[in-house]
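# Reading the structure
Single-letter residue listing:
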Amino acid sequence: MTYIAKPRMHHPELTRNKVGYTRRDYEGPVSTLCAGCGHDSISAAIIQACFELDIAPHRVAKLSGIGCSSKTPTYFLGASHGFNTVHGRMPSVLTGANLANRDLLYLGVSGDGDSASIGLGQFANAMRRGVRMAYIVENNGVYGLTKGQFSPTADRGSKSKKGAINRDSPVDLVGLALQLGATYVARSFSGDKAQLVPLIKGAIEHGGAAFIDVISPCVTFNNHGGSTKSYDYVRAHNEAVSRIDFIPQHSPITTEYAPGEVVDVEQHDGSTLRLRKLHTDYDPTDRYAALSYINAHQERGEVVTGLLYLDPLAVDLHVSLNTSDTPLNKFGVKQLCPGSQALDKINAALR
Ligand SMILES: Cc1ncc(C[n+]2csc(CCOP(=O)(O)OP(=O)(O)O)c2C)c(N)n1
Ligand code: SF4
Ligand SMILES: [Mg+2]
C-alpha cells in the first residue's frame, strides 16, 4: 500500500478561501515518509501557499520524477492533475504539458538525485528555456529512497552515516540556475516555514522559470554530525539575505516600514514581493553579484537562503516561441491538421 486515505469528515465551519475551498481541500492522503522527514514540511508549505493564493486545485498540474521527494505530490493537492514521471525526466514531461496547455499552473517537484544526477541535463534545459513553472528541489544530499548514498549535492568532506567521507565536488543547483538564466532563484530550509511559504507563492505567480532549492533533511540517512544537510547544521549556518512577504494582486499594502528598510518588486501579474533586506549589501536583481555573494559565503560553510535573484519582467517559453494565446489542447483537429494541400504549399515555399 503506497498511501493511506484521510478521513473525509471535517468541521463544517472550517475557514474557506476566496474560491470556496478549505485548507483540507489542498491536502492528499496520509504521507508514508519517515516521521520527521523534511519533505513532509515542504508538502505542508505547498498546501498553505496554494490555499492562501486562492488557487482552485484543478488549475494546478504537479509533476515529479522518482525518489522520496518525488513521491510527495501524492500527499498534497489531491484534487490537482499529477504525473509521476521516470527518474530525472520531470522537466521534459512538464515542458510538453505546459506547451499543450498554458492555462494550468505547473509545479515541478524533484530531489537532488533526480535533478542533479540523472536529470541534470533536463534541469538545465528547463531553466535555460524559461519554462514557466515553480521547480522545487527537496535537497537532502543523499539518495533517500535507495538507502542513503551520497548525491551530487553532498558537500566535499561531509560524512555519511557510517563515516565515509565524500571526496567529490558538489553540484550547486542554485548557482547553475543563476548561470542558466532562471528568472526567479531562491534557497530555503524545510524547517523555516515562515520563509518558505512566501517563496513558494512568489514562484507560483512568477512569469518564467522559478527555481527553489529547499534543504530538506533526511532523518534516516543524513541527519548526523558531519552532514551539512542536517537540521542542526542548517540551523547553525543559515544566512538569510532577506525575508519576503507576498502581497497578492490589488491587495492594500498595510504594514508601514521606514524608508530603505524594504524593497517592493512588482511581478508581471500585479502581485508584489516585498523584500525586507537582512543584508544591506545584497542586491537580488543582479544575477552575477548574487552568484559571487553565494559562492563567497558557501566557501565559509554558510547556507545563504531567501530570494536570491528575481527578474520581475521575465518572459517564458510561450513568448519566445510566439505560441497562440489559446492553449493548443483547446484546438480541434481541423485547426491542428490543415490537410495535405496546406502541407504541400509549405513544402513548395521552402524549395
Ligand atoms: C532510471 C533509474 N535509475 C535509478 C533508479 C533508482 N533510484 C530511485 S530513486 C533514486 C535517487 C533518489 O534520490 P533523490 O532524487 O535525491 O530523492 P530522495 O529520495 O533523496 O528524496 C535512484 C537512484 C531509478 N528508479 N530509475
Ligand atoms: S529515507 Fe530519508 S528522504 Fe526518504 S522518507 Fe525517510 S527521511 Fe525522508
Ligand atoms: Mg535526495
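- In the nomenclature of an unreviewed UniProt entry, the chain is known as Thiamine pyrophosphate enzyme-like TPP-binding of Albidiferax ferrireducens.

## Quick notes on the overall build of the chain
- Counting its regular elements, the chain contains 12 helices and 13 strands.
- Taking 2.2 N^0.38 as the reference for a compact globule, 351 residues should give roughly 20 Å; the C-alpha atoms of the chain span a radius of gyration of 21 Å, in line with that estimate.
- With respect to the principal axes defined by its C-alpha atoms, the chain has extents near 70 × 50 × 50 Å.
- In the chain, buried positions account for 45% of the 351 residues.
- A separation threshold of at least 6 residues defines the contact pool for the chain, and within that pool the share at least 24 residues apart is 72%.

## A closer look at helix α7 (residues 193–205)
- Along its 13 residues, α7 runs 18 Å from first to last C-alpha, staying within 8% of the 18 Å computed at 1.5 Å per residue.
- Among the 13 residues in α7, 11 count as buried, and that is most of the element.
- Of the residues making up α7, those classed as buried are Q195, L196, V197, P198, L199, I200, K201, G202, A203, I204 and E205.

## Quick look at the packing of helix α6 (residues 173–180) against helix α9 (residues 287–299)
- Contact geometry for α6 and α9: axes closest at 10 Å, N-to-C directions at 165°. The orientation of α6 relative to α9 falls into the category roughly antiparallel. Relative to α9, the crossing made by α6 is left-handed. Contact residues: α6 offers V174, G175 and L178, while α9 offers R287, A290, L291, I294 and N295.
- When the residues that make up the contact of α6 with α9 are grouped by side-chain class, the tally is 5 nonpolar, 2 polar and 1 charged.

## Regarding the UniProt feature "domain: Thiamine pyrophosphate enzyme TPP-binding" (unreviewed entry) in the chain
- Those residues carrying the UniProt feature "domain: Thiamine pyrophosphate enzyme TPP-binding" (unreviewed entry) are residues 66–214 in this numbering.
- The annotated region residues 66–214 carries 36% helix and 23% strand content, and the separation between its end C-alpha atoms amounts to 17 Å.

## Section: the site of ligand 1
- In the region of ligand 1, 18 residues are neighbours, and G67, S69, G111, G113 and G144 sit closest.
- Counting residues per element, the ones that place at least two in the shell around ligand 1 are α2 (68–71), α4 (112–118) and β5 (142–143).
- A total of 4 residues in the shell around ligand 1 trace back to one element, the largest contributor, which is α4.
- Its residues assigned to classes, the shell around ligand 1 comprises 6 nonpolar, 9 polar and 3 charged.

## Some thoughts on the sheet that holds strand β7 (residues 184–189)
- As summarised here, the arrangement of the 8 strands in space is β2-β1-β3-β4-β8-β7-β13-β9, forming an open sheet in which the pairing is mixed. The sheet terminates laterally at β2 (81–84) and β9 (238–240), the two strands that pair on one side only. The sheet shows a mean angle of 20° between the axes of neighbouring strands, taken without regard to direction.
- Pairing of strand β1 (residues 60–64) with β2 involves 4 bridges; the strand directions are parallel. Residue pairing in the sheet places L63 in a bridge with F83 of β2.
- Running over the sheet, helix α1 (residues 38–52) touches β1, β4 (133–139) and β8 (209–215) and is turned about 155° from β4.
- Set on the sheet, helix α3 (residues 90–100) makes contact with β1, β2, β3 (105–111) and β4; between it and β3 the angle comes to about 175°.

## Points about α6
- Residues of α6 that are buried include every one of L173, V174, L176, A177 and L178, and no others.
- Phi for G181, located one or two positions after α6, is positive at around 105°.

## Some points on the site of ligand 2
- All residues in the neighbourhood of ligand 2 are listed as L33, C34, C37, H39, C68, N140, G144, L145, C218, V219, T220 and F221.
- Residues belonging to the shell around ligand 2 are distributed by class as follows: 8 nonpolar, 4 polar and no charged.

## A few points about the pairing of strand β13 (residues 303–310)
- For β13, the tally of buried residues reaches 8 of 8 residues, placing the bulk of the element in the interior.
- Both β7 and β13 contribute to a ladder of 4 bridges, which runs antiparallel. Residue pairing across strands places A186 opposite L307, the latter belonging to β13.
- Here β9 pairs with β13 via 3 bridges, running parallel. Considered in β13, the bridge of N238 is made with V303.

Definitions and limits used
- Per chain, residue numbering runs from 1 following the sequence as it is written.
- Ligands are numbered from 1 and chains lettered from A, in the order in which they are written.
- Side-chain atom pairs in this predicted model are given and counted only at pLDDT of 80 or more, local residue features only at pLDDT of at least 70, and totals for whole chains, interfaces and linings cover all residues.
- A helix here means a DSSP run of H or I that spans at least four residues, while a strand means a run of E at least two residues long, and both kinds are numbered starting from the N terminus.
- Both definitions apply: the radius of gyration is a C-alpha atom measure, and the globule rule equals 2.2 Å times residues to the power 0.38.
- Counting other C-beta atoms within 10 Å of a residue's own tells you its class, since 20 or more makes it buried, 12 or fewer makes it exposed, and anything in between is partly exposed; those C-beta atoms are placed from the backbone.
- For the purpose of contact definition, each residue receives a C-beta atom placed from its backbone, and two residues are in contact when these atoms lie within 7 Å.
- To estimate the expected span of a helix, count its residues, drop one, and scale the result by 1.5 Å.
- Every axis corresponds to a line fitted to the C-alpha atoms, with the helix fit spanning only the stretch in contact, and the corresponding angles, defined between N-to-C directions, vary from 0 to 180 degrees.
- Angular relationships are summarised with four words: roughly parallel below 35 degrees, roughly antiparallel beyond 145, roughly perpendicular across 65 to 115, and oblique for the angles in between.
- Each helix crossing is assigned a hand: it is left-handed if the near helix lies turned anticlockwise from the far helix by less than a right angle, otherwise right-handed if that turn is clockwise.
- Charged means Asp, Glu, Lys or Arg here, nonpolar means Ala, Val, Leu, Ile, Met, Phe, Trp, Tyr, Cys or Pro, and polar covers whatever is left, Gly included.
- UniProt positions are given in the numbering used here, feature names are shortened, and annotations may be inferred rather than shown by experiment.
- Here is the check we use: build the C-beta atom from the backbone, and if it is within 6 Å of the molecule or strand, call the residue near.
- Think of it this way: DSSP has to see at least two bridges between two strands before they count as a pair.

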